[in-house]
Amino acid sequence: MSEGKSARVLVVTSGKGGVGKTTSTAALGAALAHLGEKVVVVDFDVGLRNLDLMLGAERRVVFDLINVINGVAKLQQALIRDKRLENLYLLPASQTRDKEALTEEGVAKVIAELRTKFDWIVCDSPAGIERGATLAMRHADAAIIVTNPEVSSVRDSDRIIGLLDSKTEKAERGEYVEKHLLITRYHPWRAARGEMLSIEDVLEILSIPLLGIIPESEEVLRASNVGSPVTLNAALSPPARAYFEATRRLKGEDIPMHVPNESRGILNKLFGRKAA
Amino acid sequence: MSSLTCQRQSLTFRARSYTAFVFTLQPPIEDWLAALDAMLERSKGFFAGHPIALDLSATRLSPVEIAELVSELEVRNIRLLGIEGINPAAAHPRLPPILRGGRGQDIEVPEPVAAAPAPAPAPAAAPAAKKQEVASLMIDSPVRSGQSVVNIDGDITVLGSVGSGAEIIAGGSIHIYGTLRGLAMAGAGGNARARIFCHRFEGELLAIGSHYKTADEIEDSLRRGPTQAWLDGNTLKISAMN
């Protein structure tokens, strides 16, 4: 807080793997930076890091989060500045260690230091509910719960919401951890055929406010293959637009919600019903 | 909202089952202790570090005799996790807790007529204090998947929904004003009059006492509607509430 900033710590989490946490962390982090915020994205998936690839920074990793925790490197040495956006940084995870290398005190120290340097600290949580995931959420002010519209993903998200309400520092102080639901890999035609849970069903089960609906798209895959967040690589594509809208909602703007490939904002009503 | 979170934190706790050795005491006690000594002679430290419960259902011991037995076991380095098979009224702060094996059977053990010298007055005071604690538990936020809410001493009321994979376990009745998608077990202490009520049923399992039905065994017509479950003799009945 030395610069008088009020940094916000976000955790991008889901419980289930493969739902789009890392893709969303990269896309939202880049969108926030594009909108002028100073952002660091932190990879907590020690041992299975991916965020460096999503940002195309894998060839510039020297030191990582574990090095900083162990005092081998200074935070400044481990932070990697993005080549496209000068106010976007990555703090990579270690690929050679495992989650046991994360210590509670070490993570607390790193987050506290990041808070003095950035406006937004976006933590990419590993899948699961074990050490890596609980430490990633530990210091969060707000959580983005990434969910696919299918039952197993929704139940895992429900489980994670319960943990956010009990295992985070804020919850332990008796405060409320803000939660936002980001529905990813939404197939409009499958939804129309009733092959997926509807947005309404997901909202009814999880009862937290909706941040955005990201349509399934080739652009997402293409962006990750070239190592660029979709919000930079194809900024006008439907998923990128959805991520940008979600980012602006995160910043507090009131933007009507659209279900992808449906012309009317029929979810205005649902979105207006803020569960918090 | 912060107060909600705070409240739930203090109310939610886990029920966890452990595996423990259960010693069933066969009277007379002296012979039983001798047999135990013989066994310990053969393999010293056999029980060291293991959780051990004592089943006293085959005996009628006074609280003082139980205390003596417990100290006899402590001399042998056997520390008890709890005692089962005795009247809950015999509970005493200095004795290990009374276990009910999840069934919570009420055991009527008549007070020994030829009471042991000077029965401690404390056991009588303890149950009286306990009676006042019996209360219903109110949860005013959703119960999420993987969370477990337990109130063995009374009812549980949930104002929100109960997620798939969450569980509500009450000694008394359960009232859910949202959607039940998880598991609800009422009458966990053996209370056959306990019931389960939910505003919308999409649950995985309903149980009262030891009688239960899984979602598969429950008529589809009841799903998504207001539902109640109760015990009719030995049959778990489930019906719509309209």
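Residues numbered from 1 in each chain as written. Chains lettered and ligands numbered in written order. Predicted model: local features only at pLDDT ≥ 70, side-chain atom pairs only at ≥ 80, totals over all residues. Heavy atoms only, no water.

So, about the packing of helix α7 (residues 151-167) of chain A against helix α10 (residues 199-206) of chain A. Residues and elements named next belong to chain A. Between α7 and α10, whose axes approach to 10 Å, the crossing angle comes to 30°. Comparing the axis directions of α7 and α10 gives the class roughly parallel. In this structure, α7 crosses over α10, and the sense of that crossing is right-handed. Contact residues: V154, S157, D158 and I161 in α7; V202, I205 and L206 in α10. Grouping the amino acids of the contact of α7 with α10 by side-chain chemistry returns 5 nonpolar, 1 polar and 1 charged. (Axes fitted to C-alpha atoms, helices over the stretch in contact; angles between N-to-C directions. Helix = DSSP H or I, 4+ residues; strand = E, 2+ residues; numbered from the N terminus. Parallel < 35°, antiparallel > 145°, perpendicular 65-115°, else oblique. Left-handed = near helix turned anticlockwise from the far one by under 90°. Contact = heavy atoms within 4.5 Å. Nonpolar A, V, L, I, M, F, W, Y, C, P; charged D, E, K, R; others polar.)

On to the pattern of salt bridges. Residue and element names in this part refer to chain A. Inspection of every chain in the model, using the stated rule, returns 27 salt bridges over all chains. Here R173 and E175 are joined by a salt bridge, their closest N and O atoms 3.1 Å apart. Judged by its relative accessible area of 51%, R173 is exposed. Judged by its relative accessible area of 31%, E175 is partly exposed. With its nearest N and O atoms 3.3 Å apart, the salt bridge here joins E245 to R249. Of this pair, E245 and R249 both sit in helix α13 (residues 238-250), 4 residues apart, which is roughly one turn of that helix. The exposure class assigned to E245 is partly exposed, which follows from its relative accessible area of 26%. (Salt bridge = Lys/Arg side-chain N within 4 Å of Asp/Glu carboxyl O. Buried < 20%, exposed > 50% of the residue type's maximum accessible area, 1.4 Å probe, protein only.)

The interface of chain B with chain A comprises 19 residues on the first partner and 17 residues on the second. The contact between chain B and chain A buries some 1,500 Å² in all, and 45% of this surface belongs to carbon and sulfur atoms. Counting across the chain B and chain A interface gives 3 salt bridges. Close ionic contact of R181 of chain B with E204 of chain A constitutes a salt bridge, the shortest N to O distance being 2.6 Å. Viewed at the interface, chain A and chain B are joined by 5 residue pairs in polar contact (both at pLDDT 80 or more). (Buried area = accessible area lost by both parts, 1.4 Å probe. Polar contact = N/O pair within 3.5 Å; in protein donor to acceptor, adjacent residues only side chain to side chain.)

With that settled, consider the pairing of strand β1 (residues 8-13) of chain A. All names here are of chain A. Most of β1 sits out of view: 5 of its 6 residues are buried. As judged from the 5 bridges shared by β1 and strand β5 (residues 120-124), these two strands associate in the parallel manner. For V11, the partnering residue across the bridge sits in β5 and is C123. With 4 bridges connecting them, β1 and strand β6 (residues 142-147) associate as parallel partners. Note on β6: the bridge partner recorded for V11 is A143. (Pairing = 2+ DSSP bridges.)

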